[in-house]
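# Structural description and commentary
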Amino acid sequence: MKENKSIRYAQFLKEAQVRHTVLSYNDLTPKEGQKAVKRIALRPIDIYRLIQPYLQTRFLEQLYALLPLALYLVLFQILILRQEVVDANTITLGLFAVIIGLMFFMEGIKQGLMPFGEVMGNTLPKKVSLGVVLTIAFILGIGVTFAEPAIGALKAAGALVSAQKAPYLFALLNFYAGYLVLIVGMGVGLAAILGTLRFIHGWSLKPFIYVTLIPVLALTAYLMSVPELTKVLGLAWDSGAVTTGPVTVPLVLSLGIGIAAASGKGNTSLSGFGIVTLASLFPIMGVMILAVVVYYTQTPQDILLMAQSFTTVSSEPSWFEMTPGQEILAGVQAIIPLTLFLFIIMKIVLRQKIVNAGTIAYGIVLAVLGMIIFNIGLTYGLTKLGDQSGSIIPVAFSDLTLQDGSVMDAMFPYLLGVFIALAFAWILGFGATLAEPALNALGMTVEKLTQGVLKKRTLMMAVSAGVAFGLSVGICKVIFDIPLGYLLIPLYLFATLLTYLSTEEFVNIAWDSAGVTTGPITVPLVLAMGLGFGGALNAIEGFGILSMASIFPIISVLLTGLWAQHKQKLQEHSHA
């Protein structure tokens, strides 16, 4: 009996030693690591047991974000509109690829790129001047934009725009697509500079909002006065939503907060808030400026001629026809340049040793692989499903002419059909936002920062309701052909008034809350749905829905914050 106990005890010690070796492997030298690997003899079942809980968590995180949306779109199309889903098998495989791609991508970013941002943020201020720090922050802002998964949604949108109906919009999305992404990236870079300065000096966010909104709204008013440029407004404002994704926000924030902490001024409760807002507003301004430049250098006739040669002579396939080799190249181009830039800063500028190089290399490979798989899923899953759903929803209230020339009669009386379409958008927005993991994280942070004045659930409901109303108003814009500027300018002026009345704490929370609503799943789905919806109604373009989904959460959270402040004052008065 004693012998059996001693054998079991020895086996336990051996297993504990193996577990300790696995956990501390990253702390070993390469030679020690190789010896440790030789000592560990894991069976396939052991490897599976080790990674299964981890993979399951990552997989389920993406599944919970995507599955409810996909099921909702499919069931609405089948049960309410009584239309079958075309290419259901292809879409299903595409959606599965989105889940797998995002799972790999998010883990790759965490393991491969986040350590760079944290080390750079803590080390840069100690070794280089502030000017060099801000230059690096600017270049980083450009690099992370190219690496955003949702940026591919803009490329996909280019294939859905008519050169005849909207020549300048077509030109920006096709001929000037590279410049478009670069301008958006420069906007994020400028936001990174100002956000970093704000972290260091502890500046209020309110003046930044006022000063930025003045030229943005002025440019919006100018574009509204030029008929051809009015069609670009939706793209410009939607571009702000594309920038605040899973790459930009964590990397730029980790750099900015690290710099502020290194300077001894990053310990305020609001460290980290505000930069997302700036990273949304500056790209909007940049895209509008690019549109004005193209307008004064190209005539509509020039663009139409270029479009004809682009579609007949060019051998370049459209976004929907990309080959696997081009998908791989797109994934590499999105991640590798950013990685090389971070590596150069670490080795040449900081002369810092790359710690855990193997783990970082593993993360970069995962990020590239995830981007490739996500791009494929975006093409054949998300974009295809969103475009199809958007194209078929107008049959609720309007006769539709199908591709084969046949006419599908409206299924409901006009007013009832419009109500069904708006209700569809409202439920989609509410459910999609409530399922965002980033919103749950924001809610917990805000509840702690406000010491329970603004509860997590209250914030989540306010943001979700804001997005829901935003999508519904965006659909109204397409149905009734409302100029986007007529909606944007009054709404942002109202938000500015609420900003003036609110405390700094709630202003930071509210203006950043819009960023969590536009993830890599929501952006492509809503963009494709809006363009499909507009195409079915013969609208000039279907952009602008995302911009509505961004401004309404800001307003709803600001109103909720004012209500919470009023409630707190009443409680204090009653206790006095």
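Presented here is an overview of the structure given in this document. (Residues numbered from 1 in each chain as written. Predicted model: local features only at pLDDT ≥ 70, side-chain atom pairs only at ≥ 80, totals over all residues. Heavy atoms only, no water.)

Our next topic: a nonpolar patch on the surface. On the surface, a cluster of nonpolar side chains totalling about 520 Å² of accessible area is made up of Leu67, Leu71, Leu75, Ile78, Leu79 and Ile80. Relative to the elements of secondary structure, Leu71 occurs in helix α3 (residues 44-80). (Patch = residues over 30% accessible without salt bridge, like charges linked within 9 Å, V, L, I, M, F, W, Y side chains within 5 Å. Areas by Shrake-Rupley, 256 points an atom, 1.4 Å probe, with all protein chains shown as cover. Salt bridge = Lys/Arg side-chain N within 4 Å of Asp/Glu carboxyl O. Helix = DSSP H or I, 4+ residues; strand = E, 2+ residues; numbered from the N terminus.)

Let us look at the pattern of salt bridges. A full pass over the atoms with the stated rule returns three salt bridges. We note a salt bridge from Asp87 to Lys384, for which the minimum N-O separation is 3.6 Å. Residue Asp87 is found in the loop between α3 and α4 (88-127), and its partner Lys384 is found in helix α16 (residues 357-392); the two are separated by 297 residues along the sequence. The partner of Arg198 in a salt bridge is Glu504, with the nearest N and O atoms 4.0 Å apart. Taken together, the residues Arg198 in helix α8 (residues 177-201) and Glu504 in helix α21 (residues 504-513) connect sequence positions 306 residues apart.

Given 3.6 residues per turn, any residue in an α-helix points the same way as the ones three and four places further on. Compared with the 33 Å implied by 1.5 Å per residue over 23 residues, the 33 Å span of helix α13 (residues 275-297) between its first and last C-alpha is a close match. Summarising burial for α13: 18 of the 23 residues are buried, a large majority. (Expected span 1.5 Å × (residues − 1). Buried < 20%, exposed > 50% of the residue type's maximum accessible area, 1.4 Å probe, protein only.)

Turning next to the side chain of Thr123. Counting through the fold element by element, Thr123 comes out in helix α4. In this structure Thr123 comes out as buried when scored by relative accessible area, which is 12%. Non-local contacts of Thr123, meaning those with residues more than four positions away in its chain, are made with Leu350 and Gln352. (Contact = heavy atoms within 4.5 Å.)

Right, let's talk about the side chain of Ser239 for a bit. You can see Ser239 is positioned in helix α11 (residues 233-243). With residues near it in sequence (within four places) discarded, Ser239 still touches Leu154, Val184 and Val287.

Let us look at unusual backbone geometry. Even without a glycine there, the phi angle at Asp87 is positive, about 55°. Phi is positive for Asp481, which is not a glycine, with a value near 55°. Within the secondary structure layout, Asp481 lies in the loop between α19 (456-479) and α20 (484-501).

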